[in-house]
Amino acid sequence: MDERDERDEPVEFGQKRYRPPEGAAEILLIRHGSSEAARVDRPFPLVDGHGDPDLAPEGREQAERVCERLADENLDALYVTPLRRTSQTAAPLARRLGMEPLVEPGLREVYLGEWEGGLFRKMVAENTPVVQRMFTEERWDVIPGAENDEAFARRVAESLARLATAHAGGRIAVFTHGGVIAQALAAATGSRPFAFLAPDNASISRLVSLGGLSSVRGFNDISHLDWSAPEPLT
């Protein structure tokens, strides 16, 4: 084949596996494991007004499974919130990797006002009129005394932007809460506020952030949890 024939060969552009853009931060958002059951006669202890239950036994098992899933990943840092169910979920992985989790207060759960301490679960179970309004309007702040939705969205966005800047080009694991994950993914996709509510306990969702923009690369991954009887797709 002469030189001209080589130049005339068509150039092919195949599809390739996704790779994060250079300088992007990969943020693994991990919901804490299942926490202990709420009881009206035994409210959860409070930390800065937020309910702060321990993990339930199944939550501790979920934490071990998260550790097994992420133990071989290249993680630059682990983050938790001031609420102990996140640090308890992160603990097995932190021990395995020899890393000290850092506390990120801005990624604590949405404040539920008068429904803190476990009362939120009772209200949802009873499907009260305020709960119905909350889901219809997709706003937390219809709950008496709850955090303003715009303020909640702002603090979550500011925290994630700060972490993305601090870990540009790296990968971090953030152990946080269902409301926070839902807010982060809704903001990244421009979706309805509750579109990603609620991720499963010990699930892994994935954001890729660069230059103030984020894309969703995964949501509610629970493949590391050994479900003996998968739920039907109904």
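In case you missed it, the structure is sitting above this.
Just so you know, these numbers come straight off a predicted model, no measurement behind them. (Residues numbered from 1 in each chain as written. Predicted model: local features only at pLDDT ≥ 70, side-chain atom pairs only at ≥ 80, totals over all residues. Heavy atoms only, no water.)

J.: When you look at the overall build of the protein in this model, what are you seeing that I'm missing?
T.: Summing up its helical and strand segments, the protein has seven helices and eight strands in all. Dimensions of the protein, computed from the C-alpha atoms along their principal axes, are close to 85 × 40 × 40 Å. Looking at the protein as a whole, 44% of its 234 residues are labelled buried. At a minimum sequence separation of 6, the contacts of the protein that also span at least 24 residues come to 69%. (Helix = DSSP H or I, 4+ residues; strand = E, 2+ residues; numbered from the N terminus. Buried < 20%, exposed > 50% of the residue type's maximum accessible area, 1.4 Å probe, protein only. Contact = heavy atoms within 4.5 Å.)

J.: What's the story with the sheet that holds strand β8 (residues 213-221) in this structure? I'm lost.
T.: The strands making up a sheet associate through backbone hydrogen bonding, with each pair oriented either parallel or antiparallel. The strand order across the open sheet formed by six strands is β5-β4-β6-β1-β7-β8, and the pairing between neighbours is mixed. Each edge of the open sheet is held by one strand with a lone partner, namely β5 (102-103) and β8. Relative to strand β6 (residues 171-176), strand β1 (residues 25-31) is paired through six bridges, and the arrangement is parallel. Counterpart to Ile30 in the pairing with β6 is Phe175. Sitting on the sheet, helix α2 (residues 57-70) is in contact with β1, β6, β7 (204-210) and β8, with an inclination near 160° to β1. Across the sheet, helix α7 (residues 178-189) is in contact with β1, β6, β7 and β8; its angle to β1 comes to roughly 140°. (Pairing = 2+ DSSP bridges. Axes fitted to C-alpha atoms, helices over the stretch in contact; angles between N-to-C directions.)

J.: Would you explain the layout of surface pockets in this entry?
T.: The rolling of a water-molecule-sized probe over the atoms marks out the regions of remaining empty space. Roughly 620 Å³ of internal volume is contained in the largest pocket. Considering the residues around the largest pocket, the lining is formed by 29 residues, among which Arg31, Glu109, Leu112, Phe120 and Arg121 are closest to the centre. Counting residues per element, the lining of the largest pocket draws most heavily on helix α4 (residues 119-126), which supplies three residues. Taken together, the residues of the lining of the largest pocket break down into 13 nonpolar, eleven polar and five charged. In this model, the second largest pocket occupies a volume close to 430 Å³. As for the second largest pocket, its lining consists of 17 residues, of which Glu26, Leu28, Glu73, Arg171 and Arg206 are closest to the centre. Going through the elements one at a time, β1, α2, β7 and β8 are the ones with two or more residues in the lining of the second largest pocket. (1 Å grid on protein atoms, 1.4 Å probe; cavity = no way out; pocket = protein on both sides within 12 Å on 5 of 7 lines; lining within 4 Å. Points joined across faces, edges and corners; volume = space filled by probe spheres on them. Nonpolar A, V, L, I, M, F, W, Y, C, P; charged D, E, K, R; others polar.)

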